[in-house]
Amino acid sequence: MHPPAPRHDPRKVDPDADTAPCNPALLAHYNSYGQPEFVARGYYVDTPFTCVGCGKSEIWRATQQKWWYEVAKGNVETIAKRCRSCRRSKREASATSRMIHLKGLVRSGKSAS
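Note that the structure is a prediction, hence the values are computed from the model and not measured. (Residues numbered from 1 in each chain as written. Predicted model: local features only at pLDDT ≥ 70, side-chain atom pairs only at ≥ 80, totals over all residues. Heavy atoms only, no water.)

**Q** I tried to follow the pattern of salt bridges on my own but got confused; where do I start?
**A** Any two side chains of opposite charge can pair if their charged atoms end up close together. Across all of its chains, the model carries four salt bridges by this definition. Here Arg61 makes a salt bridge to Asp46, at a shortest N to O gap of 2.9 Å. Highlighted residues: Arg61 in the loop between strand S4 (57–60) and helix H2 (62–71) and Asp46 in the loop between strand S2 (43–45) and strand S3 (47–50), separated in sequence by 15 residues. Across the salt bridge formed by Glu58 and Lys56, the nearest N and O atoms sit 3.1 Å from each other. (Salt bridge = Lys/Arg side-chain N within 4 Å of Asp/Glu carboxyl O. Helix = DSSP H or I, 4+ residues; strand = E, 2+ residues; numbered from the N terminus.)

Here it is as structure tokens:
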């Protein structure tokens with residue numbers, strides 16, 4: 001029988017290895033029986049993805065994941081799916097659509113609430 005593999009110590013993560021340490025105490029509450037892979041591992045890793053908007057290959061950096069999950073309190077089951085320019089375009093389109101809708105409400109005399 002083989003001895004158990006040594007568990008990775010997140011305090012010894014090489015900062016040049018495209019990783020960032022995970023602090024589970026800063027994560028938003030999640031209702032799950034398990035835990036996200038990055039919590040079990042103890043650190044975030046750079047994750048490649050393909051943008052659903054333009055099809056461009058991108059990398060969701062470990063530091064971006066740390067910000068998303070721990071600072072912005074993003075859902076731990078979400079991952080990046082749009083590149084920066086597609087996110088910006090989608091945000092602008094939503095803002096324009098919202099403004100058109102609100103102008104229509106004002107014209108019709110209805111409340112915006």
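Moving on, there is more to tell.
**Q** I'm lost on a positive patch on the surface in this one. Help?
**A** Taken together, the side chains of Arg84, Arg87, Arg88 and Arg91 make up a positively charged region of the molecular surface. Structurally, Arg88 can be placed in helix H3 (residues 84–108). Taking the relative accessible area as the measure of exposure, Arg88 reaches 41% and is therefore partly exposed. (Patch = residues over 30% accessible without salt bridge, like charges linked within 9 Å, V, L, I, M, F, W, Y side chains within 5 Å. Areas by Shrake-Rupley, 256 points an atom, 1.4 Å probe, with all protein chains shown as cover. Lys, Arg positive; Asp, Glu negative; His and termini not counted. Charge placed at Lys NZ, Arg CZ, Asp CG, Glu CD. Buried < 20%, exposed > 50% of the residue type's maximum accessible area, 1.4 Å probe, protein only.)

**Q** What am I meant to see in unusual backbone geometry here?
**A** The phi angle of most residues is negative, glycine excepted, and most peptide bonds adopt the trans form. At Lys73, a residue that is not glycine, the phi angle is positive and equals roughly 60 degrees. Of note, Lys73 is situated in the loop between H2 and H3. The exposure class assigned to Lys73 is partly exposed, which follows from its relative accessible area of 41%.

**Q** I tried to follow the packing of aromatic side chains on my own but got confused; where do I start?
**A** By the definition in use, this model includes five aromatic pairs. Every member of this aromatic cluster is reached through a ring pair, and the members are Phe38, Tyr44, Trp60 and Tyr69. A cation over a ring is seen here: Arg41 above Tyr43, with NZ or CZ 5.3 Å from the ring centre. (Phe/Tyr/Trp six-rings, centres within 6.5 Å; stacked < 30°, edge-to-face > 60°. Lys NZ or Arg CZ within 6 Å of the ring centre and 35° of its normal.)

**Q** Help me understand the layout of surface pockets, please; the structure alone is not making it clear to me.
**A** Over the atoms rolls a probe the size of a water molecule, and its path tells where empty space is left. Its boundaries defined by the atoms lining it, the largest pocket holds a volume of some 560 Å³. Lining the largest pocket are 17 residues; nearest its centre among them are Trp60, Trp68, Ala80, Arg82 and Arg87. Mapped onto the lining of the largest pocket, the elements with two or more residues apiece are S4, H2 and H3. Of the residues assigned to the lining of the largest pocket, the class counts are eight nonpolar, two polar and seven charged. As a volume, the second largest pocket reaches approximately 170 Å³. What lines the second largest pocket is Pro36, Glu37, Phe38, Arg41, Val45, Thr47, Trp60, Gln65, Tyr69, Val76 and Ile79. Looking at the lining of the second largest pocket, the elements with two or more residues in it are helix H1 (37–41) and H2. (1 Å grid on protein atoms, 1.4 Å probe; cavity = no way out; pocket = protein on both sides within 12 Å on 5 of 7 lines; lining within 4 Å. Points joined across faces, edges and corners; volume = space filled by probe spheres on them. Nonpolar A, V, L, I, M, F, W, Y, C, P; charged D, E, K, R; others polar.)

**Q** What's the story with a nonpolar patch on the surface in this structure? I'm lost.
**A** On the surface, Trp67, Trp68 and Val71 cluster together into a nonpolar patch covering about 340 Å² of accessible area. Tracing the chain through its elements places Val71 in helix H2. Judged by its relative accessible area of 57%, Val71 falls in the exposed class.

**Q** I keep staring at the pairing of S3 and nothing clicks. Help me out?
**A** Here S3 runs beside S4; their pairing, made up of four bridges, is antiparallel. Within the sheet, the bridge partner assigned to Pro48 lies in S4 and is Ile59. Counting the residues between successive antiparallel strands, the hairpin from S3 to S4 contains six residues, one of them, Gly55, with a positive phi of roughly 85 degrees. (Pairing = 2+ DSSP bridges.)

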